[in-house]
Amino acid sequence: MKRVDGFDEAILGVARKVGQPDIFVYDVDICLDILMKRDGMSLADATDYFEFKVEDVHTAEDDPVWLSSSDDSIV
């Protein structure tokens, strides 16, 4: 299973589907909080960074999935 460096605190669990590799499930809101606290980003900057430098580069079948529970989902 692939992890995304620097976001272990945002792992919610593991998703499983028969015949496919297990994958980590990350909480998008926690990822954004990490970027804002760790890197001093604003919410807008953290959202942009996450969308283009994290989410968009992890698109392989065995890459993580991103769960957003907020109403104004970015994914």
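The coordinates are above.
Please read these numbers as outputs of a predicted model, since none were measured by experiment. (Residues numbered from 1 in each chain as written. Predicted model: local features only at pLDDT ≥ 70, side-chain atom pairs only at ≥ 80, totals over all residues. Heavy atoms only, no water.)

(A) Helix H1 (residues 28–39), seen in detail. Between the first and last C-alpha of H1 there are 16 Å, a value that for 12 residues agrees with the 16 Å anticipated at 1.5 Å per step. Of all the positions in H1, only Val28, Cys31, Leu32, Ile34 and Leu35 are classed as buried. Buried positions in H1, seen along its axis, are confined to an arc of 155° and lie on one side of it. A side-chain oxygen of the first residue of H1 lies 2.8 Å from the backbone nitrogen of Asp29; this N-cap is Asp27. (Helix = DSSP H or I, 4+ residues; strand = E, 2+ residues; numbered from the N terminus. Expected span 1.5 Å × (residues − 1). Buried < 20%, exposed > 50% of the residue type's maximum accessible area, 1.4 Å probe, protein only. Arc of directions from axis to C-beta. Polar contact = N/O pair within 3.5 Å; in protein donor to acceptor, adjacent residues only side chain to side chain.)

(B) Main features of the pattern of salt bridges. The tally for this structure, following the rule as stated, stands at 5 salt bridges. Of the charged contacts in the structure, one is a salt bridge between Asp63 and Lys2, with a shortest N-O distance of 3.4 Å. Of this pair, Asp63 sits in the loop between helix H2 (43–55) and strand S3 (65–67) while Lys2 sits in the segment before strand S1 (11–15); the two residues are 61 residues apart in sequence, bridging distant segments of the chain. When its relative accessible area of 35% is taken as the criterion, Lys2 is described as partly exposed. Arg38 is the partner of Asp39 in a salt bridge, and the nearest nitrogen-oxygen pair spans 3.0 Å. Given a relative accessible area of 44%, Arg38 falls into the partly exposed group. (Salt bridge = Lys/Arg side-chain N within 4 Å of Asp/Glu carboxyl O.)

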